[in-house]
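# Architecture and fold: a report
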Amino acid sequence: MNTRSAATLVLAGLVLAGCSAGLGPEGDRVNARAYYDDYQEAEADGANNYSVGAAAPNATGQAAGAASPHPADAGKRYGWPGVTDDNTFTDEGSSRWTPVRTRPQSTFALDVDTGSYQVARTFLRDGYRPPAESIRVEEWINAFDYGDPAPIGKDAVRVGADSGVSPYGAPGTALVRIGVSTRTATTAQGPTHVTFVVDTSGSMDIRERLGLVQSSLALLVNNLEPEDTIAIVEYGSEARRVLPPTKVRDSDRIVAAIDKLRPSGSTNMEAGLELGYRQAEAAYDPDGVNAVVLASDGVANVGVTESSTLTDTITQASSKGIHLVTVGYGMGNYNDTLMEQLADHGDGFYSYVDDFTEAQRLFVDELTPTLTVVASDAKAKVSFDPEFVGSYRLIGYENRGLHNDDYTDDAVDAGELGAGHAVSALYEIKPANAVPAAGTVVGTAGIRWATTDGGKGKEVRADIAWPQAGQQSPSLRLAALVAATAEYLRGEATGEDADLEALRADARALAAADVSGARQIEQFLADAASIDPSRVGG
């Protein structure tokens, strides 16, 4: 069955009352998984046909003018890039120790992206270790839940500081996790208006990319409310409106639009974003949630292709309350750098989807709640007392640094925090002279943000205390393990005891203690250990 026939069954199920053909397993409006499964089936049959400049398939899945579907070796014959070919990553550098007496304060924009960790999982699944330049450690840390409680009272943001002995640092080194959480969404929020900007260039026919995008759209159809709206813009060589803002209750019309998406042409991301934002402005509701979701492999080869220029339109729209979420699909001919930078400028976040399970996590569990921005331009400033702390190291956030004066300037663009978001930042700290007594306040963590109603900036703070000997909470141990794994795979020294087998042993111990997220990192480390270290993606 190809994608076209799957959607036909869906429409039949919607039209014929009492008939469940084409509906999802839970009686959803549409069988979201069918698009992904059918694209995979077409790939196995050799029907997907991507090549540079190739024509799109016709209704039978054949290339226009072709005598027969492509054979099973279509990837080699038609020039599909492998997962390690033609990818674009930017190495943002490594964290460095900073003397407290010369720079007692560390200031940065908060970041809720997780794409780097998901990209690494994709490489491991395909038999490669992730390249060092693809690893942004904070995105790995923020891919895990550390159980931070939501704010109490009227504040939108809570901050806490959990300190302990550094598991992988030199003797006498402490580790601090700054945990930030936001209040959850309330039922009083207005309707959600999502404009999908879908890359339908020829490269989206590689493997199951476009099928996974279609599944993602269908998941939204199943999980948004009837009065919410979805609009769809597609772009290849040019941009085209596929669906104007349409209420989810009109699901048959939305499904028909999803089914029309076809891969062909070059990649004019500029045209797609411009048209997408025009659709988002048409649906704009000052009392609702307004977002553009860019679904792409990140390649831009027609029109404006530089992120610095593409972000001008995005920045203007974000100031009006239209936020950008970038979702990457498909390794091989993939531009991670562009997708990450666009999300940062669009006051949204960057994620990566490599299979249907990940699509469910993002589009069912996380996307719609976190689209409600509760804290704009959120920034952190961590200050250390030179009497007690000699030096510190912020692990990650290399491309999110700010000047100290930016912290109190509410006009400075920083990170947006959605409802129910949780963000962490890890610091290693060394004592100035003698190790401070347990419980000694050695610093302060401050979080400042602008309220969404345009009011005066707000701030919350938490003291940082020196830990007791041997003190390590389960959540701190997990965060330390995730960070050490990322730094190890970057080829950076994380301590004498942080080799791969030691990290695996720590993961097994946390999993045995039933620490949330530990089995996930345990499996990740097992996959990494099974791969020859010389097999590194690129």
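Not measured: the values here are computed from a predicted model.

Scanning the model with the defined rule gives eight cavities of 30 Å³ or more in all. Roughly 90 Å³ of volume is contained in the largest cavity. As for the largest cavity, its lining consists of 13 residues, and the residues nearest its centre are Y168, R393, I395, E428 and A480. Every element with two or more residues in the lining of the largest cavity is listed here: β12 (389-395), β14 (422-431) and α12 (474-489). Considering each element in turn, the lining of the largest cavity owes the most residues, four residues, to α12. Of the residues that constitute the lining of the largest cavity, the class distribution is eight nonpolar, two polar and three charged. Looking at the second largest cavity, its volume works out to about 70 Å³. Taken together, H323, V325, D347, G348, F349, T370, L371, V373, E416, G418 and H421 make up the full set of residues lining the second largest cavity. Put simply, the parts of the chain that give the lining of the second largest cavity at least two residues each are β9 (323-329) and β13 (415-418). Along the lines of polarity and charge, the residues of the lining of the second largest cavity split into four nonpolar, five polar and two charged.

Remark: helix α6 (residues 209-223) packs on helix α7 (residues 251-259), axes separated minimally by 10 Å, with the N-to-C direction vectors making an angle of 175°. Classified by the angle their axes make, α6 and α7 are roughly antiparallel. Of α7, the residues touching α6 (which contributes Q214, L217, A218 and V221) are S251, I254, I258 and D259.

Another point: the packing of α6 against helix α11 (residues 356-370). Packing of α6 against α11 brings their axes to within 9 Å, and their N-to-C directions diverge by 35°. Regarding α6 and α11, the two cross each other, and that crossing is right-handed. Where α6 abuts α11, its residues L212, S215, S216, L219, L220 and N223 lie against F356, A359, Q360, F363, V364, L367 and T368. Looking at side-chain class alone, the contact of α6 with α11 contains eight nonpolar, five polar and no charged residues.

Judged by pairing direction, the sheet is antiparallel, and its five strands sit side by side in the order β1-β12-β14-β4-β3 without closing on themselves. Either end of the sheet is taken by a strand with one partner, and the two such strands are β1 (98-99) and β3 (157-165). By the bridge criterion, six bridges tie β12 to β14 in an arrangement that is antiparallel. Residue pairing across strands places R393 opposite E428, the latter belonging to β14. Sitting on the sheet, α12 touches β3, β4 (174-182), β12 and β14, and the angle it makes with β4 is about 105°.

Moving on, we get to the environment of S181. With respect to the helices and strands, the residue S181 is situated in strand β4. According to the relative accessible area criterion, S181 is buried, its value standing at 3%. As a C-alpha pair, S181 and D148 span 33 residues in sequence and 6.5 Å in three-dimensional space. Every residue in contact with S181, bar those within four places of it in the chain, is listed here: D148, P149, A150, P151, A156, V157, R158, H421 and A422.

The strands making up a sheet are joined through hydrogen bonds of the backbone, oriented either antiparallel or parallel. Read from one edge of the open sheet, six strands run β7-β6-β5-β8-β9-β10, paired in mixed fashion. Of all the strands in the sheet, the pair left with one neighbour each is β7 (239-247) and β10 (350-353). Adjacent strand axes in the sheet meet at a mean angle of 20°, parallel and antiparallel pairs treated alike. Against the sheet, α6 makes contact with β5 (192-199), β6 (229-235), β8 (289-296), β9 and β10, and its axis sits at roughly 170° relative to β5, the strand it touches most. Contacting β5, β8, β9 and β10, α11 runs over the sheet at an angle of about 140° to β10.

Conventions we followed
- Residues numbered from 1 in each chain as written.
- Predicted model: local features only at pLDDT ≥ 70, side-chain atom pairs only at ≥ 80, totals over all residues.
- Heavy atoms only, no water.
- 1 Å grid on protein atoms, 1.4 Å probe; cavity = no way out; pocket = protein on both sides within 12 Å on 5 of 7 lines; lining within 4 Å.
- Points joined across faces, edges and corners; volume = space filled by probe spheres on them.
- Helix = DSSP H or I, 4+ residues; strand = E, 2+ residues; numbered from the N terminus.
- Nonpolar A, V, L, I, M, F, W, Y, C, P; charged D, E, K, R; others polar.
- Axes fitted to C-alpha atoms, helices over the stretch in contact; angles between N-to-C directions.
- Parallel < 35°, antiparallel > 145°, perpendicular 65-115°, else oblique.
- Contact = heavy atoms within 4.5 Å.
- Left-handed = near helix turned anticlockwise from the far one by under 90°.
- Pairing = 2+ DSSP bridges.
- Buried < 20%, exposed > 50% of the residue type's maximum accessible area, 1.4 Å probe, protein only.

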